[in-house]
Each structure stands twice: as C-alpha cells, then as structure tokens.
Amino acid sequence: MDELFSEKAASLTRIPEMGKPGRVQGTRELVAHRSYILIYAIKVDQVQVLRLLHTARQWPSAGKGR
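In this text, all values refer to a predicted model and were calculated from it rather than measured experimentally.

1. A few points about the sheet that holds strand β2 (residues 28–33)
So, point 1. The 4 strands lie next to each other as β1-β2-β3-β4, forming an open sheet whose pairing is antiparallel. The open sheet has two edge strands, β1 (20–21) and β4 (46–54), and neither has a second partner.
So, point 2. Across 2 bridges, β1 lies against β2 in antiparallel orientation. Pairing of lysine 20 across the sheet is with glutamate 29, part of β2.

Right under this line is the structure:
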C-alpha cells in the first residue's frame, strides 16, 4: 500500500490537476485506492499532500468545508 500511495503522490508532480476539485475549498482529491483518497493542494510550484483519508471517514469534519 505504501508503494501505491507513493506512486500516486509522485504522479501529481507530473499532472497536478489529475484529481477532482476537493470538498474543502483550495484542495483537490485523488482516489489512490478504492478505500483511500489523497487530499492535496497545489501551491505555485509544488503539490502539498494534506491527508491520506480512508473513505469510511467523514471529510470534511462536521462544520467545515465549502
């Protein structure tokens, strides 16, 4: 799993917009595995991975989001 997540994160350096717009403003989301989503932000010349989220978890937390 670690290798899979690393490969997915590395692919974002080549194509940062490959994920869909995130549920939290300023973020994007990429399905890394059927049970995990990479939450990330694009910053000028870098991609910042914010969270690896299991799909059973609530995202964003209650009271947050757009």
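Back to the write-up after that little detour.
2. Examining the environment of glutamine 25
So, point 1. Assignment of secondary structure puts glutamine 25 in the loop between β1 and β2.
So, point 2. The exposure class assigned to glutamine 25 is exposed, which follows from its relative accessible area of 69%.
So, point 3. Note: C-alpha distance between glutamine 25 and leucine 52 (27 residues apart in sequence) is 17 Å.

What counts, and at which threshold
Every chain's residues receive numbers from 1 upward, in the order its sequence appears when written. Predicted model: local features are reported for residues with pLDDT of at least 70 only, side-chain atom pairs are reported and counted for 80 or more only, and whole-chain, interface and lining totals are derived from all residues. Side-chain figures throughout are based on the complete set of non-hydrogen atoms in the structure, without hydrogens or water. DSSP-based pairing: two strands are paired if at least 2 bridges between them are found. For helices the rule is a DSSP run of H or I covering at least 4 residues; for strands it is a run of E covering at least 2, with both sets numbered from the N terminus onward. Whether a residue is buried, partly exposed or exposed follows from its accessible area with a 1.4 Å probe, protein chains only, as a fraction of its type maximum: under 20%, in between, or over 50%, in that order.

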